[in-house]
Amino acid sequence: MITIIRRTRLARLAARAEAYAHAYQHAQSIDTRRRRLLVACATYRAESANLRSLHREQARRIRHLEAQLDHALGTDSPAVDAGSNWQQRRTDKPRPRAEATK
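Residues numbered from 1 in each chain as written. Predicted model: local features only at pLDDT ≥ 70, side-chain atom pairs only at ≥ 80, totals over all residues. Heavy atoms only, no water.

J.: Would you explain the overall build of the protein in this entry?
T.: On a plain count of helices and strands, the protein comes out with two helices and zero strands. Within the protein, the proportion of its 102 residues that are buried is 2%. Accessible area of the protein: about 10400 Å², with a carbon and sulfur share of 58%. (Helix = DSSP H or I, 4+ residues; strand = E, 2+ residues; numbered from the N terminus. Buried < 20%, exposed > 50% of the residue type's maximum accessible area, 1.4 Å probe, protein only. Areas by Shrake-Rupley, 256 points an atom, 1.4 Å probe, with all protein chains shown as cover.)

So, in structure tokens, the structure goes:
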């Protein structure tokens, strides 16, 4: 059995097929863009996690080096802590002078 299709119906079917093809290409480009964005996001998250761990490691090393410096200079001794109270109440503490009049 042969079906006869009119030109107008054929034109409508061709237009619909073209619209579907265009929509499919558009969806593919959106999907490709979405994949690229997901990869970029994953890369950014990995890099920021690496940076955070690097900053934590640097902060830990800085605290360790500061502790070593305090120990080397002797500023971590109990005598220094006891002397801080003396500094507040010492009698020979210099007093600010009034400005000399001209």
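J.: Explain a negative patch on the surface to me, please; I cannot follow it from the model alone.
T.: Residues Glu 66, Asp 70, Asp 76 and Asp 81 make up a contiguous surface patch of negative charge. Counting through the fold element by element, Asp 76 comes out in the loop between helix 1 (7-73) and helix 2 (78-89). When its relative accessible area of 44% is taken as the criterion, Asp 76 is described as partly exposed. (Patch = residues over 30% accessible without salt bridge, like charges linked within 9 Å, V, L, I, M, F, W, Y side chains within 5 Å. Salt bridge = Lys/Arg side-chain N within 4 Å of Asp/Glu carboxyl O. Lys, Arg positive; Asp, Glu negative; His and termini not counted. Charge placed at Lys NZ, Arg CZ, Asp CG, Glu CD.)

J.: Hey, could you run me through the pattern of salt bridges in this one?
T.: Side chains bearing opposite charge may pair, as long as their charged atoms lie close to each other. Summed over the entire model, instances satisfying the criterion amount to three salt bridges. Note that Arg 35 is salt-bridged to Asp 31, the shortest N-O span being 2.8 Å. Of this pair, Arg 35 and Asp 31 both sit in helix 1, four residues apart, which is roughly one turn of the helix. Between Glu 57 and Arg 60 there is a salt bridge, and its shortest N-O distance comes to 2.7 Å.

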